[in-house]
Amino acid sequence: MSTKELIILSVNKSKVCVSLATDSVYKLPTLISRAFHRGADYVEIRFDHIIYNDIDYALKFSSKIKNKAIFTLRSKDEGGFFEGNHREHISLLRKIAKTKPMLLDIEIAILKQDKDLRKFLNDNEIPVLVSFHDFRGTPNVSLLLKKFEDMSKYSNYVKLVTTATNSKDNFKILSLYDNKINTHLIAFAMGEHGILSRLLCALYGNSPFTYASLDKPLAQGQLEIGVMKKIYDRIVKNLKNGR
């Protein structure tokens, strides 16, 4: 198989997860429907955006598509919007976990801190996406690799996200894909400088998926799904036309 054919195959295999957040749980079914209609392969339900106050209703709708969903309850300390204390956070995470989504996104700091939660997740065979976000910058490659190795102890699905302050940070974060072993790694950088890594993580790194927005971005540098799909389609089209 030629290099061109390999690239086309890689682009065609690329999966996009659309992050969904809303101020009303009643809007959730429409958002889910719109995301899949726009071409999302998966959706991320951000339960920390107010809807945790109506968790039962939110789970009722989200559970219908749980096999294609990442469930997330991000605390304010980790860049999210959940305002409850640690005890409330763990209680809700357990409740969400019981629905057994495709992946349950939990920050590495929480998993490290709470042994009982780790046991609960293991005992109930909950598929966990262990995550970490650096909102200040992108550390050097050796520190990134050290963080990745630490995170991979808790799950074989790892999401390691930094913030790009220049274009070189894209290649620093993508270099993690040269070292991963038997781990499903999602690694990219936030911010305008990090857009390239959001696109290339699924191509260069064979990430299980990358993230996009439905309308407004939920993170700096997050592309709208239509734009992301258009870029991937254009790559394939140009390669097929010999450009």
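Scroll up to find the structure.
Keep in mind that this is a model prediction, so the values were computed, not measured.

**Focus on the sheet that holds strand β1 (residues 16-20)**
The pairing of strands in a sheet comes from backbone hydrogen bonds and takes either a parallel or an antiparallel form. Strand order in the open sheet formed by eight strands is β7-β6-β5-β4-β3-β2-β1-β8, and the pairing between neighbours is parallel. Bordering the open sheet on either side are β7 (184-190) and β8 (210-213), each of which pairs with just one other strand. Averaged over all pairs of adjacent strands, the angle between their axes in this sheet comes to 25 degrees, without regard to strand direction. Pairing of β1 with strand β2 (residues 42-46) involves four bridges; the strand directions are parallel. Across the sheet, residue Val-18 finds its bridge partner in β2, namely Val-43. Lying on the sheet, helix α2 (residues 28-37) is in contact with β1 and β2; it crosses β2 at an angle near 155 degrees.

**Looking at the packing of helix α3 (residues 55-62) against helix α4 (residues 86-97)**
Where α3 meets α4, the closest approach of the two axes is 11 Å, and the angle between their N-to-C directions is 30 degrees. Considered as vectors, α3 and α4 are oriented roughly parallel to each other. You can see that α3 and α4 cross each other, and the crossing is right-handed. Residue-level contacts link Ile-55, Asp-56 and Leu-59 of α3 to Leu-92, Lys-95 and Ile-96 of α4. Of the residues in the contact of α3 with α4, the class split is four nonpolar, no polar and two charged.

Definitions and cut-offs
Residues numbered from 1 in each chain as written. Predicted model: local features only at pLDDT ≥ 70, side-chain atom pairs only at ≥ 80, totals over all residues. Heavy atoms only, no water. Pairing = 2+ DSSP bridges. Helix = DSSP H or I, 4+ residues; strand = E, 2+ residues; numbered from the N terminus. Axes fitted to C-alpha atoms, helices over the stretch in contact; angles between N-to-C directions. Contact = heavy atoms within 4.5 Å. Parallel < 35°, antiparallel > 145°, perpendicular 65-115°, else oblique. Left-handed = near helix turned anticlockwise from the far one by under 90°. Nonpolar A, V, L, I, M, F, W, Y, C, P; charged D, E, K, R; others polar.

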